[in-house]
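Listed below, chain by chain, are the residues.
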Amino acid sequence: MRVVVSHGDILDEAVDVLVSTANVKLDMTGGVNGAILLRGGADVQAELRAHLTRVGRPWVPPGTVVTTGPGPLRVRHIVHAVAVSAFYESSIDLVRDVIASALAEAARLGARTVALPALATGYGPLSLEQFAQALSAALSGGAGAALDELRVVLAHAPQAERVRAVLGPAP
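The sections below set out a description of the structure shown in this document.

Cut-offs applied
Residues numbered from 1 in each chain as written. Predicted model: local features only at pLDDT ≥ 70, side-chain atom pairs only at ≥ 80, totals over all residues. Heavy atoms only, no water. Helix = DSSP H or I, 4+ residues; strand = E, 2+ residues; numbered from the N terminus. Buried < 20%, exposed > 50% of the residue type's maximum accessible area, 1.4 Å probe, protein only. Polar contact = N/O pair within 3.5 Å; in protein donor to acceptor, adjacent residues only side chain to side chain. Contact = heavy atoms within 4.5 Å. Expected span 1.5 Å × (residues − 1). Arc of directions from axis to C-beta. Core = buried A, V, L, I, M, F, W, Y, C linked by side-chain atoms within 4.5 Å. Phe/Tyr/Trp six-rings, centres within 6.5 Å; stacked < 30°, edge-to-face > 60°.

## Examining the side chain of serine 20
So, step 1. Note that serine 20 resides in strand β2 (residues 17-22).
So, step 2. Residue classification places serine 20 among the buried positions, given a relative accessible area of 0%.
So, step 3. A polar side-chain atom of serine 20 sits 2.8 Å from a polar atom in the side chain of asparagine 33.
So, step 4. Leave out the neighbours within four places in its chain, and serine 20 touches Val32, Asn33, Ile36, Ile78, Val79, His80, Ala81 and Leu119.

## What to know about the side chain of glutamine 45
So, step 1. Mapped onto the secondary structure, glutamine 45 falls in helix α2 (residues 42-55).
So, step 2. For glutamine 45, a relative accessible area of 5% gives the class buried.
So, step 3. Aside from chain neighbours lying at most four places away, what touches glutamine 45 is Leu26, Asp27, Met28 and Leu37.

## Structural notes on α2
So, step 1. With 14 residues, α2 extends 20 Å from end C-alpha to end C-alpha; this agrees with the ideal 20 Å at 1.5 Å per step.
So, step 2. Along α2, the residues that are buried comprise Val44, Gln45, Leu48, His51 and Leu52. Relative to the axis of α2, the buried residues are bounded by an arc of 110° and lie together on one face. Counted as exposed and oriented over 90 degrees from the buried face of α2: Ala42, Arg49, Thr53 and Arg54.
So, step 3. Tucked into the core, α2 has its buried residues touching α1 (31-38), β3 (65-68) and β4 (77-82).
So, step 4. The first or second residue beyond α2 is glycine 56, which carries a positive phi of 70°.

## A few points about the nonpolar core
So, step 1. Within the largest apolar cluster, 35 residues are counted, with the highest numbers of intra-cluster contacts made by Val95, Ile99, Val114, Leu116, Phe131 and Val152.
So, step 2. Within the second largest apolar cluster, 21 residues are counted, among which are Val24, Val44, Val82 and Val153.

## Description of the packing of aromatic side chains
So, step 1. Summed over all chains, the structure comprises one aromatic pair.
So, step 2. Taken together, a centroid distance of 6.1 Å and an interplanar angle of 50° make the contact between tyrosine 88 and tyrosine 123 tilted. With tyrosine 88 in the loop between β4 and α3 (92-108) and tyrosine 123 in the loop between β5 (113-116) and α4 (128-140), the pair connects residues that are 35 residues apart, well separated along the chain.
So, step 3. In this structure tyrosine 88 comes out as partly exposed when scored by relative accessible area, which is 33%.

Have a look at this one:
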């Protein structure tokens, strides 16, 4: 699998699956999920609420991934990755595990290309370097092996450089 770290608007990526940030209540209130909602993703929010109804709880545990349709985006699916607790706590291990789960779900959906934001670095407490360590660990453990390309998309060029510095040169 090829890993590409770039900067720009992740919502503009034309990929099979977009991994999005999510909180335990699956409320699209911020981060990538908030941007999807602002772009016209009310149907995606409705799918997430329907998921909570199906599981019979008002929340999901950290580490959960939930798949929805594409909403207003040019993707086939959105995989919402819960990389924070209800108090927006996180860890490298949690992010590693949720990345692995999200990439496994993408592969199960038949994806060849996936876009991934820096999970748990906005509202969550991780630095970009800690996110990159979690990503490196997930990839070293075989996550995403069935994919052709993983695009890690950050908002700004200096952020992308910080992640690249940890990941090292692309193969």
